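Close look at the chain arrangement
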Amino acid sequence: MFVADTSRLLVRSANADFRHRKNQPKRHVFRTRSVRSGKVEDDVLQVVFSQEEVHDRTVELGQKLAVDLADKRPLILGVLTGGFMFAADLVRQMRPCPPGTTIKFVKASSYGTGTVSSKQVQLSGIDDSNIAGRNVLVVEDIVDTGRTLTKVREYLVERGATSVTIVALLDKKERRELPVPVDHIGFVCPDEFVVGFGLDYAEEYRTLPYIGVLKPEVYS
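Quick summary incoming for the structure in this document. (Residues numbered from 1 in each chain as written. Predicted model: local features only at pLDDT ≥ 70, side-chain atom pairs only at ≥ 80, totals over all residues. Heavy atoms only, no water.)

**Remarks on the overall build of the protein**
Scanning the protein from N- to C-terminus turns up 5 helices and 10 strands. Excluding contacts between residues fewer than 6 apart, the proportion of contacts in the protein whose partners are at least 24 apart in sequence is 68%. In the form shown here, the protein has an accessible surface area of approximately 11000 Å², with 50% of it arising from carbon and sulfur atoms. (Helix = DSSP H or I, 4+ residues; strand = E, 2+ residues; numbered from the N terminus. Contact = heavy atoms within 4.5 Å. Areas by Shrake-Rupley, 256 points an atom, 1.4 Å probe, with all protein chains shown as cover.)

**Notes on helix H3 (residues 84–92)**
Those residues of H3 not exposed but buried are Phe86, Ala87, Leu90 and Val91. In a view along the axis of H3, the buried residues occupy a sector of 120 degrees, so they form one face of it. Against the buried residues of H3 lie helix H2 (51–68), strand S3 (75–80), strand S4 (102–109), strand S6 (135–143) and strand S7 (163–171). (Buried < 20%, exposed > 50% of the residue type's maximum accessible area, 1.4 Å probe, protein only. Arc of directions from axis to C-beta.)

**Details of unusual backbone geometry**
The residue after Leu80, namely Thr81, is reached through a cis peptide bond having omega 5 degrees. Tracing the chain through its elements places Thr81 in the loop between S3 and H3. Across the junction of Arg95 and Pro96, the peptide omega takes the value 0 degrees, indicating a cis bond. Take Pro96: it is sitting in the loop between H3 and S4. The backbone of Arg73 shows a phi angle near 45 degrees, a positive value even though the residue is not glycine. Mapped onto the elements of the fold, Arg73 is located in the loop between H2 and S3. Located in the positive-phi region is Tyr205, a residue other than glycine, with phi close to 75 degrees. Within the fold, Tyr205 resides in the loop between strand S9 (194–195) and strand S10 (211–214).

**Some words on H2**
Along its 18 residues, H2 runs 26 Å from first to last C-alpha, staying within 8% of the 26 Å computed at 1.5 Å per residue. Among all positions in H2, only Glu53, Val54, Arg57, Thr58, Val59, Glu60, Leu61, Gly62, Leu65 and Ala66 are buried. (Expected span 1.5 Å × (residues − 1).)

**Some thoughts on the packing of H2 against H3**
One can describe the packing of H2 onto H3 by two numbers: an axis separation of 8 Å at closest approach and a directional angle of 55 degrees. Comparing their axes, H3 and H2 come out oblique. The handedness of the crossing between H2 and H3 is right-handed. Note on element contacts: H3 touches H2 through Phe86, Asp89 and Leu90, opposite Thr58, Leu61, Gly62 and Leu65. For the contact of H2 with H3, the per-class residue count stands at 4 nonpolar, 2 polar and 1 charged. (Axes fitted to C-alpha atoms, helices over the stretch in contact; angles between N-to-C directions. Parallel < 35°, antiparallel > 145°, perpendicular 65-115°, else oblique. Left-handed = near helix turned anticlockwise from the far one by under 90°. Nonpolar A, V, L, I, M, F, W, Y, C, P; charged D, E, K, R; others polar.)

Next comes the structure, spelled out in C-alpha cells:
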C-alpha cells in the first residue's frame, strides 16, 4: 500500500511538471494543499491532483484526440457513473471537433458501496445500433483491475466496432489483473482510494473538483 511520509512532503511547480512531461501520463507527488472547510471536504485526507492539474491535463488529451480522430467520425462512449465529468470536459477540449462525432454513455459498475473492485462487472444502457462500423473512443475515470474496460472493449468489438480507443483519467497500475490496452492516460494514480471529479465512495464525493485520498475512517 502506498504510504505518504508527511515529514518529507515535496512541493513542486505543477506548470513546470506539465511542460517537462507534456502528453505523458502524470505521476503523483504528494503536495501540501489546503482543503476548503465543510463536511465533504473534511473527509479528504490529501489532494492528489488539483483542479488546475486535472483541467490542464484534460486540455492536453482533448487536443491530441481531436487530431487523432479528425477524419474518423468517432463515437465517444463515456463510462458511467464515474466518467461523466471527465467525459464532459474532454469532449469540450476536442477542438476542432471531428466531423460526425456522436456521444453516448454506458453504465458500468464493479465497486458497489465498497472500496475494492468486486470483479463482477455489469453493463447497461448501450445502444447496439450505434456501434457497428464506428471508431469508438471509450472515456473512463479510472483503470483499476482492468475488468471493466476489458468487458466494455470486448462488447464493442463483438458488435462490430471498427476500432476501440481508450482514454482514462487515472491509471492505478498496482491493481491491474487483466492486460487491457489503454491508449491515453491522464495521471498515474497511487494505490489509494481516491474520490472527486466523478469518482465516488458510496455515491458521494463525485462533485469535488479535484482528486483526493479519502480518509480511511470514512470507510473503515
